[in-house]
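# Close look at the chain arrangement
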Amino acid sequence: MHDDKGHYYYPNPADKQVRMYVRESGETPGAVEFRLYSAENPEIWERHPWLPRDVVIEAAKMYDKPDRDPLGLYDEAVAKALLGIK
């Protein structure tokens, strides 16, 4: 999907209030960057910049809730499909 902020998908299809925006990295062609938007918390968009996948992976290593996988929000395959990246 696409709107004025760019290409996005719903990381949780049941929650249309949260979108994960994706773009191709300007520094590394073929790499994807992610940025979260929440209609309930729009300040998330303002406070958090575009994040490369490797930064997301490093941050997930510090996540201390074993019952939840933060990488589940950042789907590289879906992002590349949206952007037409092979």
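A quick note: this is a predicted structure, and the numbers were derived from the prediction, not measured. Here, residues in each chain are numbered from 1, in the same order as that chain's written sequence. Restriction of local features to residues with pLDDT of at least 70 applies here, the model being predicted, together with a cutoff of 80 or more for giving and counting side-chain atom pairs; totals for whole chains, interfaces and linings are based on all residues. The basis for every side-chain value is the complete set of heavy atoms in the structure, and neither hydrogens nor water enter the calculation.

### Observations concerning the environment of Gly6
- By the element assignment, Gly6 lies in strand S2 (residues 6-9).
- For every residue, the accessible area obtained with a 1.4 Å probe (protein chains only) is divided by the maximum for its type, and the residue is called buried under 20%, exposed over 50%, and partly exposed between those limits. Given a relative accessible area of 14%, Gly6 falls into the buried group.
- Put simply, Gly6 and Val22 are 16 residues apart on the chain and 7.2 Å apart in space, counted from C-alpha to C-alpha.
- Not counting residues up to four positions away in its chain, the partners in contact with Gly6 are Met1 and Tyr21. Working definition: helices are DSSP H or I runs of at least four residues, strands are E runs of at least two. Numbering for both runs from the N terminus. Throughout, a residue-residue contact means that at least one pair of heavy atoms, one from each residue, lies within 4.5 Å.

### Concerning the packing of aromatic side chains
- Only centres within 6.5 Å qualify two rings of Phe, Tyr or Trp (six-membered ring in Trp) as a pair; their planes then separate them into stacked at under 30 degrees, edge-to-face at over 60, and tilted for everything else. Scanning the model with the defined rule gives six aromatic pairs in all.
- Seen from their ring centres, Tyr8 and Tyr21 are 5.3 Å apart, and the 45° between their planes marks the pair as tilted. Of the two residues, Tyr8 sits in strand S2 while Tyr21 sits in strand S3 (residues 18-24), which places them 13 residues apart along the sequence. Per residue, the accessibility class of Tyr8 equals that of Tyr21, and both read buried.
- Geometrically, the ring pair formed by Tyr37 and Trp45 is edge-to-face, given 6.4 Å between the ring centres and 75° between the ring planes.

### Overview of helix H3 (residues 76-83)
- The term polar contact refers here to a pair of N or O atoms within 3.5 Å; inside protein, the definition further demands a hydrogen-donor-capable atom paired with an acceptor-capable atom, and it admits residues adjacent in sequence only when both atoms are side-chain atoms. By the N-cap criterion, in which a side-chain oxygen at the helix start approaches the backbone nitrogen of a residue two or three places on, H3 is capped by Asp75, the distance to Ala77 being 3.1 Å.
- In the stretch just after H3, Gly84 is the one whose phi turns positive, near 70°.

### Things to note about the sheet that holds strand S1 (residues 2-3)
- In spatial order, the strands read S1-S2-S3-S4-S5; together these five strands make up an open sheet with antiparallel pairing. The open sheet has two free edges, formed respectively by S1 and strand S5 (51-52), since each of these has just one partner strand.
- For two strands to pair, DSSP has to find at least two bridges joining them. Here seven bridges tie S3 to strand S4 (residues 32-38), and the two strands are oriented antiparallel to one another. By the bridge assignment for S4, Glu24 is matched with Val32.

### Topic: the side chain of Arg35
- Position of Arg35 relative to the elements: it lies in strand S4.
- The positive count covers Lys and Arg only, the negative count covers Asp and Glu only, and His and the chain ends enter neither. Any Lys or Arg side-chain nitrogen found within 4 Å of a carboxyl oxygen on Asp or Glu counts as a salt bridge. Nearest to the buried, unbridged Arg35 among oppositely charged side chains is Glu46, at 5.3 Å.
- Of the polar contacts made by the side chain of Arg35, one reaches the backbone oxygen of Trp45; its length is 2.5 Å.
- Each residue touching Arg35, except ones within four places of it in the same chain, is listed here: Arg19, Met20, Tyr21, Trp45, Glu46, His48, Pro49 and Trp50.

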